[in-house]
Amino acid sequence: MHAVALITGSSRGIGRGIALELARHAQHDLLINYAGNEAAAQECQQLCLEAAAENIRVEIVQADVSSREDRGRLLDTVRERFGRLDLLVNNAGVAPSVRADLLDADEASFDRLIAINLKGPYFLTQQAAKLLIDSPPHPSLPRAVINVTSISAFTASVNRGDYCIAKAGLAMMTKLYAARLAEFGIGVFEVQPGVIETDMTGPVKGKYDALFADGLTPINRWGTPADVARAVAAVALGAFPYSTGQVFNVDGGFHLRTL
Ligand code: NAP
């Protein structure tokens, strides 16, 4: 029997990398979620089916995680199509449309970032927890929630305070749900990526290329979606049975303080 994984924002970027890595292991049926880019979601579905070591189900659902109605529909779809949930990966997220200085940034960007990057996953997890709790434990795989935060959860970037605050909130959300869901045998984890090469970082590629040239991180290269996906897969496949609330840095060592 396959376990069932819902990965938000898995049409592109890190989410797609996570879907592909889980597909390769072929232990989970997958629900690919996207917001607006259906073609990318379909491409991801096809790539997952090709990557799978044995037959798995890979389905697609459009849903905006910032919409209460869409979140309800997303979980109804999991229930109707798969009947159970073993893994929720809260990956969907956006950067601010414009990086604005803390002294100028507007409320609309703040509200958008909080809605998609924090409130959405907070309430999606609340609803998903009920389905995770109701799903009989899989014989060999854990039930878990994995939140994709960012080094922005602890790094002050004064040109995107909204993003940093949303990610810091998501880090606290990991601790809250880890404490609440442990009694049900559900682990809750934070994966904290550094600078990862995706569409999100496309507009600032030149800036980060220059920073890497100056030695930004101890492991001095761009991260890839596959780097993040391997950490997620380790949790999803059960490598940490006596851990919860754990933070996995996937940042080339960015978080290290050196002297
Ligand atoms: P990306 O390449 O821009 O992809 C974003 C994904 O999220 C897409 O699948 C997109 O769907 C989906 N999405 C956007 N808004 C959504 C919404 N309201 N509801 C549902 N899905 C939505 O971004 P990424 O770089 O892979 O980032 C993925 C996550 O990693 C984000 O939470 C981001 O904050 C975090 N992160 C990224 C980096 C980095 O350097 N790239 C670093 C640290 C953390 P569509 O294709 O339909 O638009």
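It should be noted that the structure appears before, not after, this text.
Source: prediction; values computed, not measured.

Conventions used here
- Within every chain, residues take consecutive numbers counted from 1 along the sequence as written.
- A pLDDT threshold of at least 70 governs which residues receive local features in this predicted model, and a stricter bar of 80 or more applies before side-chain atom pairs are shown or counted, although totals over entire chains, interfaces and linings include all residues.
- Only hydrogens and water are set aside; all other atoms, that is, all heavy atoms of the structure, feed into the side-chain values.
- In this description a helix means any DSSP run of H or I spanning at least four residues, a strand means any run of E spanning at least two, and both kinds are numbered starting from the N terminus.
- Any helix carries an expected span of 1.5 Å times its number of residues minus one.
- Partly exposed describes any residue whose relative accessible area lies between the buried limit of under 20% and the exposed limit of over 50%, with all areas from a 1.4 Å probe on protein chains only and scaled to the type maximum.
- Throughout, a residue-residue contact means that at least one pair of heavy atoms, one from each residue, lies within 4.5 Å.
- Only the stretch in contact is used when fitting a helix axis, every axis being a line fitted to C-alpha atoms; angles between N-to-C directions are given from 0 to 180 degrees.
- When describing relative orientation, an angle under 35 degrees is termed roughly parallel and one over 145 degrees roughly antiparallel, while 65 to 115 degrees is termed roughly perpendicular and anything else oblique.
- Note: crossing handedness is left-handed where the near helix turns anticlockwise from the far helix by less than a right angle, and right-handed where it turns clockwise.
- Three classes are used, and their members are as follows: Ala, Val, Leu, Ile, Met, Phe, Trp, Tyr, Cys and Pro are nonpolar, Asp, Glu, Lys and Arg are charged, and the others, Gly among them, are polar.
- Patch membership needs two things, relative accessible area over 30% and no salt bridge, and members are linked within 9 Å if like-charged or within 5 Å if nonpolar (Val, Leu, Ile, Met, Phe, Trp, Tyr).
- For the accessible areas, the method is Shrake-Rupley and the probe is 1.4 Å, while residue cover comes only from the protein chains on display.
- The term salt bridge refers to a side-chain nitrogen of Lys or Arg lying within 4 Å of a carboxyl oxygen of Asp or Glu.
- Think of a 1 Å grid over the protein atoms and nothing else: a 1.4 Å probe that fits but is trapped marks a cavity, an open set flanked by protein within 12 Å on at least five of seven lines marks a pocket, and residues with an atom within 4 Å of a point count as lining.
- Grid points are joined across faces, edges and corners, and a volume is the space filled by probe spheres set on the points.

**Here we look at helix α3 (residues 68-82)**
Argument step 1. Over its 15 residues, α3 extends 21 Å from the first C-alpha to the last, a length consistent with the 21 Å expected when each residue adds 1.5 Å.
Argument step 2. The set of residues buried in α3 consists of D70, R71, G72, L74, L75, T77, V78 and F82.
Argument step 3. Close packing links the buried residues of α3 with β1 (3-7), β2 (28-34), β3 (58-62) and α4 (107-134).
Argument step 4. With its phi angle positive at about 75°, G83 sits one or two positions after the end of α3.

**Considering the packing of helix α1 (residues 13-25) against helix α7 (residues 225-236)**
Argument step 1. α7 packs onto α1 with a crossing angle of 50° between their chain directions and a minimal axis gap of 8 Å. By the angle class used here, α1 and α7 are oblique. As for how α1 packs across α7, the hand of that crossing is right-handed. Across the interface between the two elements, G13, I14, G17, I18, E21, L22 and H25 of α1 pack against P225, V228, A229, R230, V232, A233 and A236 of α7.
Argument step 2. Considered class by class, the residues forming the contact of α1 with α7 number nine nonpolar, three polar and two charged.

**A word on a nonpolar patch on the surface**
Argument step 1. Taken together, the side chains of L102, L103 and V158 make up a nonpolar region of the molecular surface, amounting to roughly 350 Å² of accessible area.
Argument step 2. Relative to the elements of secondary structure, L102 occurs in the loop between β4 (87-90) and α4.
Argument step 3. Under the relative-accessibility criterion, L102 is labelled exposed at 54%.

**Here we look at the pattern of salt bridges**
Argument step 1. Applying the stated rule across the entire model yields 12 salt bridges.
Argument step 2. Residue R57 is joined to E59 by a salt bridge in which the shortest nitrogen-to-oxygen separation is 2.8 Å.
Argument step 3. A relative accessible area of 19% means that E59 is categorised as buried.
Argument step 4. Linked by salt bridges that have partners in common, R57, E59 and R81 make up one network.

**Comments concerning the layout of surface pockets**
One water molecule sets the probe size; rolling that probe over the atoms shows where empty space is left.
Argument step 1. The volume enclosed by the largest pocket comes to roughly 1,100 Å³.
Argument step 2. In terms of lining residues, the largest pocket is bounded by 50 residues, among which G93, V94, A95, Y163 and M200 are the most central.
Argument step 3. Residue assignment for the lining of the largest pocket shows that the elements contributing at least two residues are α1, β2, α4, α5 (161-181) and α6 (205-213).
Argument step 4. A class-by-class count of the residues in the lining of the largest pocket yields 23 nonpolar, 19 polar and eight charged.
Argument step 5. Here the second largest pocket is characterised by a volume of approximately 220 Å³.

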